[in-house]
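# Architecture and fold: a report
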Amino acid sequence: MKCRVCRGPAIIDLPRHNANFCAEHLQQLCRRQVEKAISDHSMIERGQRVLVAVSGGKDSLALWDMLVELGYEADGLYIALGIGDYSDQSREYTERFASERGLNLRVVSLRDDYGFDVPTASAATRRVPCSACGLTKRHLFDSAALEGAYDVVATGHNLDDEAAVLLGNTLHWDVEYLARQLPVLPARPGFPKKVKPLVRLTERETAAWCIVRNIDYIVEECPMAAGNRHLGYKDTLNRLEARSPGTKASFYLNFIERMAPLIADQRLSESGQLSRCSQCGAPTTEAVCAFCTLVSKSAAHAPVPVELLSRSGRKGKGA
Ligand code: AMP
Ligand code: FES
Ligand code: ZN
Ligand code: ZN
């Protein structure tokens, strides 16, 4: 197996590019894909301060590494979600990555700073864990970025993630979600700009990046997500991809290029009347925002151990 670029020994085959790559040229390919995403979608300007949301997994650590390597001023934000050992370990990987490279990492702990964790929030609000978790992360990404005066929040969503979300939204013809499924969300009053620079890379490619760059990351998936629908969509796309390499990229990237502009006017008015949350000041349509409501219900609830929910999650319908 030879590298397409230098003909030296290859370390990875990428059927969607119909080619093999050595470690050096794999990195070149990843860098170019990230630079292309950033420039095609005007994600980050030179000199802007970026807050990278890092989970300790391969995608977000690879993203942070790439942005720093590409010369961006990028700090990290880790949110300790209190999902048992999974959260403890993912925090260790993130802190080690930052300290070994002398990078700035901000940590927000749900337990210490807000008095609850994701399993408890899920039980207290009767939301599925991923929904309580998603609401919490979105709110804390926004507030940390605004507090720290960052220009952009970057997340590690990759091509597999975005294609799976697109498949779900398409199967339900959820036009409003489809219209908003873009790799960039512009800043609005009370909300920072949000970007997904890894949308042109698959998770196999970001994992390979971590291996060749000696980045240790948490391999386990979140125990609460096991069996959810999103993972089922990923499996389905992987089966299609195995039969026809390139399907995933064409499904998602052509959607962004050809379809998203046609349905842009289906986005619910993002400038709709928003007031300020009476407790935290975040934009909201209610008197108190969804996050502050979640905090007050969850902090008042007895702590729920993660095992309780992850087991019942696995017993669920699955994907
Ligand atoms: P997920 O929602 O787990 O698929 O993660 C999507 C992206 O959200 C990751 O690539 C990270 O950029 C970010 N993220 C997930 N979990 C955390 C966390 N605990 N702290 C900070 N960022 C996170
Ligand atoms: Fe949010 Fe698993 S990381 S529920
Ligand atoms: Zn090579
Ligand atoms: Zn609030």
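## Concerning the coordination of the zinc ion (ligand 4)
At the metal site, the zinc ion (ligand 4) is ligated by Cys 277 (SG), Cys 280 (SG), Cys 289 (SG) and Cys 292 (SG), and these contacts range over 2.3 to 2.4 Å. Given four donor atoms and angles of 107 to 113° at the metal, the environment of the zinc ion (ligand 4) is assigned as tetrahedral. The sequence pattern formed by the donor residues of the zinc ion (ligand 4) is C-x2-C-x8-C-x2-C. With a relative accessible area of 9%, Cys 292 lands in the buried category.

## Comments concerning the packing of helix H1 (residues 23-40) against helix H9 (residues 203-212)
Think of two packed helices as two axes; the pair is described by the angle between the axes and how far apart they sit. Contact pair H1 / H9: the axes reach a minimum separation of 10 Å and the direction vectors enclose 130°. One finds that H1 runs oblique with respect to H9. As H1 runs across H9, the sense of the crossing is left-handed. Seen from H1, the contacting residues are Ala 23, Leu 26, Gln 27, Cys 30 and Arg 31; seen from H9, they are Glu 205, Ala 208, Trp 209 and Val 212. Among the residues forming the contact of H1 with H9, the class breakdown is six nonpolar, one polar and two charged.

## Notes on the site of ligand 1
Inspection of the region around ligand 1 gives 13 residues, with Ala 53, Val 54, Leu 77, Ile 79 and Gly 156 positioned closest. At a separation of 2.5 Å, an oxygen atom of ligand 1 approaches a polar backbone atom of Ala 53. Val 54 places a polar main-chain atom, nitrogen or oxygen, 3.3 Å from a nitrogen atom of ligand 1. Relative to its unbound accessible area of 470 Å², ligand 1 is 76% covered by the protein chains. Listing elements by their share of the shell around ligand 1, those giving two or more residues are strand E4 (73-80) and helix H6 (129-147). It is E4 that provides the largest number of residues to the shell around ligand 1, a total of three residues. Per-class residue counts for the shell around ligand 1 are seven nonpolar, five polar and one charged.

What counts, and where the lines are drawn
Residues numbered from 1 in each chain as written. Chains lettered and ligands numbered in written order. Predicted model: local features only at pLDDT ≥ 70, side-chain atom pairs only at ≥ 80, totals over all residues. Heavy atoms only, no water. Donors = N, O, S within 2.8 Å, 3.2 Å for Na, K, Ca; no water. Tetrahedral: all angles 85-135°; square planar, octahedral: opposite > 155°, others 65-115°. Buried < 20%, exposed > 50% of the residue type's maximum accessible area, 1.4 Å probe, protein only. Axes fitted to C-alpha atoms, helices over the stretch in contact; angles between N-to-C directions. Helix = DSSP H or I, 4+ residues; strand = E, 2+ residues; numbered from the N terminus. Parallel < 35°, antiparallel > 145°, perpendicular 65-115°, else oblique. Left-handed = near helix turned anticlockwise from the far one by under 90°. Contact = heavy atoms within 4.5 Å. Nonpolar A, V, L, I, M, F, W, Y, C, P; charged D, E, K, R; others polar. Near = heavy atom within 4 Å. Polar contact = N/O pair within 3.5 Å; in protein donor to acceptor, adjacent residues only side chain to side chain. Areas by Shrake-Rupley, 256 points an atom, 1.4 Å probe, with all protein chains shown as cover.

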